[in-house]
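So the chains spell out like this:
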Amino acid sequence: MPARDDSLSAVERSSAGRRAARYALLVFVAVVVFAPIWATLMQALKSGVDALDHPRSLLPVDLTLDTLRKAWDLGDLGTLLRNSMIMSVLVTVGVVLTSLLSAYAFAFLRFPGRRVLFALFLATLLVPIEVTVVINRRTVSDLGWTNSFTGLVVPLIATGLGTFLVRQVFLTIPNELREAAALDGLGHLRFLWDVAAPLSRPTLGALGLLTFLGTWNQYLWPQAIITDPSRRTIQIGLNNLKSSDLDNLNLVTAGTVIAALPIFAMLILFQRQLVRGLTAGAVKG
(Lines give C-alpha, C1' and ligand atoms only; values in the text may rest on other atoms or scores of the structure.)
Protein backbone atom coordinates (compact mmCIF):
# COMPACT_ATOMS: atom_id res chain seq x y z
CA MET A 1 0.00 0.00 0.00
CA PRO A 2 2.73 2.55 0.81
CA ALA A 3 4.34 1.91 -2.60
CA ARG A 4 0.98 2.41 -4.31
CA ASP A 5 0.39 5.63 -2.38
CA ASP A 6 3.81 6.90 -3.42
CA SER A 7 3.01 6.06 -7.06
CA LEU A 8 -0.32 7.93 -6.88
CA SER A 9 1.40 10.88 -5.23
CA ALA A 10 4.01 10.99 -8.02
CA VAL A 11 1.26 10.90 -10.67
CA GLU A 12 -0.60 13.73 -8.92
CA ARG A 13 2.58 15.80 -8.68
CA SER A 14 3.28 15.22 -12.37
CA SER A 15 -0.28 16.21 -13.29
CA ALA A 16 -0.08 19.33 -11.12
CA GLY A 17 3.24 20.24 -12.75
CA ARG A 18 1.80 19.95 -16.25
CA ARG A 19 -1.23 21.99 -15.23
CA ALA A 20 0.99 24.70 -13.74
CA ALA A 21 3.10 24.76 -16.93
CA ARG A 22 -0.04 25.19 -19.07
CA TYR A 23 -1.26 28.04 -16.88
CA ALA A 24 2.16 29.68 -17.01
CA LEU A 25 2.15 29.45 -20.80
CA LEU A 26 -1.36 30.93 -20.96
CA VAL A 27 -0.33 33.79 -18.68
CA PHE A 28 2.74 34.48 -20.83
CA VAL A 29 0.69 34.53 -24.04
CA ALA A 30 -1.92 36.78 -22.40
CA VAL A 31 0.78 39.24 -21.33
CA VAL A 32 2.33 39.28 -24.82
CA VAL A 33 -1.06 39.90 -26.44
CA PHE A 34 -2.34 42.41 -23.92
CA ALA A 35 0.88 44.45 -23.47
CA PRO A 36 0.58 46.43 -26.77
CA ILE A 37 -3.11 47.09 -26.08
CA TRP A 38 -2.29 48.38 -22.61
CA ALA A 39 0.51 50.58 -23.92
CA THR A 40 -1.75 52.05 -26.61
CA LEU A 41 -4.53 52.73 -24.11
CA MET A 42 -2.16 54.44 -21.70
CA GLN A 43 -0.75 56.61 -24.50
CA ALA A 44 -4.24 57.68 -25.52
CA LEU A 45 -5.20 58.63 -21.97
CA LYS A 46 -2.21 60.90 -21.33
CA SER A 47 -1.15 64.31 -22.53
CA GLY A 48 1.55 64.51 -25.19
CA VAL A 49 4.33 65.30 -22.72
CA ASP A 50 3.28 62.61 -20.22
CA ALA A 51 3.10 60.06 -23.05
CA LEU A 52 6.82 60.56 -23.67
CA ASP A 53 7.81 60.08 -20.01
CA HIS A 54 8.95 56.45 -20.16
CA PRO A 55 8.45 54.13 -18.31
CA ARG A 56 6.00 56.23 -16.30
CA SER A 57 3.88 56.55 -19.44
CA LEU A 58 2.88 52.89 -19.06
CA LEU A 59 1.52 53.38 -15.55
CA PRO A 60 -2.14 54.27 -14.92
CA VAL A 61 -1.31 57.72 -13.52
CA ASP A 62 -1.93 61.25 -14.79
CA LEU A 63 -4.79 59.98 -16.94
CA THR A 64 -6.92 62.45 -18.90
CA LEU A 65 -9.65 62.37 -21.52
CA ASP A 66 -8.44 65.62 -23.10
CA THR A 67 -6.39 63.80 -25.75
CA LEU A 68 -9.40 61.73 -26.83
CA ARG A 69 -11.59 64.86 -27.00
CA LYS A 70 -8.96 66.73 -29.02
CA ALA A 71 -8.57 63.80 -31.43
CA TRP A 72 -12.34 63.60 -31.87
CA ASP A 73 -12.65 67.31 -32.67
CA LEU A 74 -9.53 67.83 -34.81
CA GLY A 75 -10.00 64.66 -36.84
CA ASP A 76 -13.76 65.02 -37.29
CA LEU A 77 -13.97 61.41 -36.13
CA GLY A 78 -17.76 61.47 -35.93
CA THR A 79 -18.01 61.81 -39.72
CA LEU A 80 -15.27 59.24 -40.29
CA LEU A 81 -16.93 56.70 -37.99
CA ARG A 82 -20.27 57.24 -39.73
CA ASN A 83 -18.73 56.64 -43.16
CA SER A 84 -16.94 53.51 -41.97
CA MET A 85 -20.12 52.21 -40.36
CA ILE A 86 -22.16 52.73 -43.55
CA MET A 87 -19.49 51.06 -45.68
CA SER A 88 -19.03 48.12 -43.28
CA VAL A 89 -22.75 47.43 -42.88
CA LEU A 90 -23.44 47.56 -46.62
CA VAL A 91 -20.48 45.31 -47.47
CA THR A 92 -21.46 42.85 -44.73
CA VAL A 93 -25.03 42.57 -45.99
CA GLY A 94 -23.80 42.19 -49.57
CA VAL A 95 -21.27 39.49 -48.68
CA VAL A 96 -23.81 37.47 -46.70
CA LEU A 97 -26.36 37.61 -49.53
CA THR A 98 -23.92 36.74 -52.33
CA SER A 99 -22.38 33.97 -50.22
CA LEU A 100 -25.82 32.47 -49.56
CA LEU A 101 -26.78 32.46 -53.24
CA SER A 102 -23.46 31.19 -54.61
CA ALA A 103 -23.06 28.56 -51.88
CA TYR A 104 -26.56 27.26 -52.57
CA ALA A 105 -25.74 26.91 -56.25
CA PHE A 106 -22.55 24.95 -55.55
CA ALA A 107 -24.16 22.77 -52.87
CA PHE A 108 -27.57 21.90 -54.34
CA LEU A 109 -27.60 22.62 -58.06
CA ARG A 110 -26.10 20.30 -60.65
CA PHE A 111 -24.59 21.95 -63.72
CA PRO A 112 -21.58 21.30 -65.99
CA GLY A 113 -18.26 22.58 -64.66
CA ARG A 114 -19.53 23.03 -61.11
CA ARG A 115 -16.40 21.66 -59.47
CA VAL A 116 -14.07 23.61 -61.74
CA LEU A 117 -15.94 26.83 -61.13
CA PHE A 118 -15.87 26.25 -57.37
CA ALA A 119 -12.12 25.65 -57.55
CA LEU A 120 -11.77 29.00 -59.34
CA PHE A 121 -13.77 30.61 -56.54
CA LEU A 122 -11.36 29.21 -53.97
CA ALA A 123 -8.38 30.27 -56.08
CA THR A 124 -9.42 33.91 -55.62
CA LEU A 125 -8.44 33.54 -51.96
CA LEU A 126 -4.82 33.34 -53.11
CA VAL A 127 -4.97 36.69 -54.91
CA PRO A 128 -4.00 39.62 -52.64
CA ILE A 129 -6.08 42.75 -52.82
CA GLU A 130 -3.04 44.74 -53.96
CA VAL A 131 -3.13 42.89 -57.29
CA THR A 132 -6.70 43.96 -58.04
CA VAL A 133 -6.63 47.55 -56.79
CA VAL A 134 -5.38 49.15 -60.01
CA ILE A 135 -7.88 47.49 -62.37
CA ASN A 136 -10.75 47.89 -59.89
CA ARG A 137 -9.94 51.57 -59.46
CA ARG A 138 -9.94 52.04 -63.23
CA THR A 139 -13.30 50.30 -63.51
CA VAL A 140 -14.81 52.35 -60.68
CA SER A 141 -13.47 55.54 -62.25
CA ASP A 142 -14.96 54.66 -65.65
CA LEU A 143 -18.33 54.07 -63.98
CA GLY A 144 -18.16 57.43 -62.19
CA TRP A 145 -18.21 55.85 -58.74
CA THR A 146 -15.18 57.59 -57.22
CA ASN A 147 -15.85 59.46 -53.97
CA SER A 148 -19.05 57.47 -53.43
CA PHE A 149 -20.28 54.68 -51.20
CA THR A 150 -21.14 52.72 -54.35
CA GLY A 151 -17.47 52.66 -55.31
CA LEU A 152 -16.48 51.71 -51.78
CA VAL A 153 -18.97 48.88 -51.44
CA VAL A 154 -19.63 47.15 -54.79
CA PRO A 155 -16.11 45.71 -55.41
CA LEU A 156 -16.13 44.13 -51.93
CA ILE A 157 -19.55 42.44 -51.77
CA ALA A 158 -18.46 39.03 -53.09
CA THR A 159 -15.85 36.77 -51.53
CA GLY A 160 -14.70 33.22 -52.12
CA LEU A 161 -14.26 32.66 -48.38
CA GLY A 162 -17.92 33.36 -47.69
CA THR A 163 -19.01 30.99 -50.44
CA PHE A 164 -16.75 28.27 -49.07
CA LEU A 165 -17.91 28.61 -45.44
CA VAL A 166 -21.62 28.62 -46.26
CA ARG A 167 -21.28 25.79 -48.80
CA GLN A 168 -19.67 23.58 -46.16
CA VAL A 169 -22.72 24.03 -43.95
CA PHE A 170 -25.14 23.43 -46.82
CA LEU A 171 -23.38 20.13 -47.56
CA THR A 172 -24.41 18.88 -44.11
CA ILE A 173 -28.11 19.32 -44.93
CA PRO A 174 -29.56 15.89 -45.86
CA ASN A 175 -30.69 15.45 -49.44
CA GLU A 176 -33.91 13.94 -48.08
CA LEU A 177 -34.80 17.31 -46.61
CA ARG A 178 -34.37 18.99 -50.00
CA GLU A 179 -36.43 16.29 -51.70
CA ALA A 180 -39.18 16.59 -49.10
CA ALA A 181 -39.25 20.36 -49.57
CA ALA A 182 -39.53 19.88 -53.35
CA LEU A 183 -42.47 17.52 -52.86
CA ASP A 184 -44.14 20.21 -50.75
CA GLY A 185 -43.78 22.63 -53.63
CA LEU A 186 -40.86 24.69 -52.29
CA GLY A 187 -38.71 26.14 -55.05
CA HIS A 188 -35.04 26.94 -54.74
CA LEU A 189 -35.49 30.42 -53.27
CA ARG A 190 -38.12 29.29 -50.74
CA PHE A 191 -35.94 26.39 -49.65
CA LEU A 192 -32.95 28.72 -49.35
CA TRP A 193 -34.69 31.34 -47.20
CA ASP A 194 -36.99 29.07 -45.19
CA VAL A 195 -34.76 26.04 -44.60
CA ALA A 196 -31.10 26.36 -45.61
CA ALA A 197 -30.44 29.90 -44.34
CA PRO A 198 -31.89 29.32 -40.84
CA LEU A 199 -29.86 26.12 -40.47
CA SER A 200 -26.66 28.02 -41.34
CA ARG A 201 -27.34 30.96 -39.02
CA PRO A 202 -24.20 30.47 -36.85
CA THR A 203 -21.96 30.44 -39.92
CA LEU A 204 -23.72 33.46 -41.40
CA GLY A 205 -23.23 35.30 -38.12
CA ALA A 206 -19.53 34.49 -38.05
CA LEU A 207 -19.16 35.45 -41.71
CA GLY A 208 -20.94 38.73 -41.09
CA LEU A 209 -18.72 39.53 -38.11
CA LEU A 210 -15.50 38.70 -39.97
CA THR A 211 -16.64 40.74 -42.96
CA PHE A 212 -17.56 43.72 -40.81
CA LEU A 213 -14.20 43.68 -39.02
CA GLY A 214 -12.26 43.29 -42.26
CA THR A 215 -14.18 46.09 -43.95
CA TRP A 216 -13.82 48.39 -40.95
CA ASN A 217 -10.05 47.98 -41.14
CA GLN A 218 -9.87 48.56 -44.92
CA TYR A 219 -7.25 51.15 -45.79
CA LEU A 220 -5.89 50.48 -49.28
CA TRP A 221 -9.18 50.45 -51.21
CA PRO A 222 -10.75 53.58 -49.62
CA GLN A 223 -7.43 55.37 -50.00
CA ALA A 224 -7.40 54.49 -53.71
CA ILE A 225 -10.80 55.91 -54.66
CA ILE A 226 -11.67 58.54 -52.03
CA THR A 227 -10.30 62.06 -52.28
CA ASP A 228 -13.28 63.95 -50.82
CA PRO A 229 -12.67 64.51 -47.06
CA SER A 230 -16.38 64.11 -46.36
CA ARG A 231 -16.29 60.54 -47.75
CA ARG A 232 -13.16 59.34 -45.98
CA THR A 233 -13.33 56.33 -43.68
CA ILE A 234 -11.84 56.18 -40.20
CA GLN A 235 -8.68 54.34 -41.26
CA ILE A 236 -7.55 56.88 -43.84
CA GLY A 237 -8.87 59.83 -41.83
CA LEU A 238 -6.56 59.10 -38.90
CA ASN A 239 -3.71 60.42 -41.03
CA ASN A 240 -5.06 63.92 -40.41
CA LEU A 241 -4.15 63.65 -36.75
CA LYS A 242 -0.40 63.52 -37.34
CA SER A 243 1.43 66.35 -35.60
CA SER A 244 4.99 67.40 -34.76
CA ASP A 245 3.82 69.27 -31.65
CA LEU A 246 4.93 67.50 -28.47
CA ASP A 247 1.56 68.17 -26.88
CA ASN A 248 -0.23 66.40 -29.74
CA LEU A 249 2.12 63.54 -30.58
CA ASN A 250 -0.30 60.90 -29.28
CA LEU A 251 -3.37 62.19 -31.14
CA VAL A 252 -3.08 59.37 -33.68
CA THR A 253 -2.96 56.86 -30.83
CA ALA A 254 -6.07 58.41 -29.30
CA GLY A 255 -7.83 58.28 -32.67
CA THR A 256 -6.80 54.65 -33.08
CA VAL A 257 -8.35 53.78 -29.72
CA ILE A 258 -11.61 55.48 -30.73
CA ALA A 259 -11.59 53.67 -34.08
CA ALA A 260 -11.03 50.33 -32.35
CA LEU A 261 -13.93 50.66 -29.89
CA PRO A 262 -16.60 49.32 -32.30
CA ILE A 263 -14.36 46.36 -33.12
CA PHE A 264 -13.82 45.43 -29.47
CA ALA A 265 -17.52 45.84 -28.74
CA MET A 266 -18.51 43.49 -31.57
CA LEU A 267 -15.89 40.89 -30.65
CA ILE A 268 -17.06 40.85 -27.04
CA LEU A 269 -20.73 40.64 -27.98
CA PHE A 270 -20.39 38.04 -30.75
CA GLN A 271 -17.38 35.93 -29.77
CA ARG A 272 -19.52 32.84 -29.13
CA GLN A 273 -21.22 33.28 -32.50
CA LEU A 274 -17.81 33.54 -34.15
CA VAL A 275 -16.54 30.28 -32.66
CA ARG A 276 -19.77 28.37 -33.37
CA GLY A 277 -19.93 29.66 -36.92
CA LEU A 278 -16.37 28.76 -37.83
CA THR A 279 -16.72 25.22 -36.48
CA ALA A 280 -20.10 24.57 -38.12
CA GLY A 281 -19.89 22.31 -41.14
CA ALA A 282 -16.36 21.24 -40.29
CA VAL A 283 -17.23 17.54 -40.26
CA LYS A 284 -18.33 17.07 -43.86
CA GLY A 285 -16.16 18.43 -46.69
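See the structure printed just above.
Residues numbered from 1 in each chain as written. Predicted model: local features only at pLDDT ≥ 70, side-chain atom pairs only at ≥ 80, totals over all residues. Heavy atoms only, no water.

All told, the structure shown has ten aromatic pairs when counted by the stated rule. Ring centres 5.1 Å apart and planes at 75° place the aromatic pair Phe106 and Phe121 in the edge-to-face group. Of this pair, Phe106 sits in helix H4 (residues 77–108) while Phe121 sits in helix H5 (residues 114–123), and the two are 15 residues apart along the sequence. Arranged with centres 5.9 Å apart and planes meeting at 20°, the rings of Phe212 and Trp216 form a pair that is stacked. With Phe212 and Trp216 both in helix H11 (residues 201–216) and four residues apart, the pair spans about one turn of that helix. Residue Trp216 is classed as buried on the basis of its relative accessible area, which comes to 2%. Here the aromatic residues Tyr104, Phe108, Phe170 and Phe191 are joined through ring pairs into a cluster of three or more. (Phe/Tyr/Trp six-rings, centres within 6.5 Å; stacked < 30°, edge-to-face > 60°. Helix = DSSP H or I, 4+ residues; strand = E, 2+ residues; numbered from the N terminus. Buried < 20%, exposed > 50% of the residue type's maximum accessible area, 1.4 Å probe, protein only.)

Running from N to C, H5 and helix H8 (residues 160–170) point in directions that differ by 125°, and their axes come no closer than 8 Å. With respect to H8, the axis of H5 lies oblique. The chirality of how H5 crosses H8 is left-handed. Residues Phe118, Phe121 and Leu122 of H5 form the contact with H8, whose own contacting residues are Gly160, Thr163, Phe164 and Arg167. (Axes fitted to C-alpha atoms, helices over the stretch in contact; angles between N-to-C directions. Parallel < 35°, antiparallel > 145°, perpendicular 65-115°, else oblique. Left-handed = near helix turned anticlockwise from the far one by under 90°. Contact = heavy atoms within 4.5 Å.)

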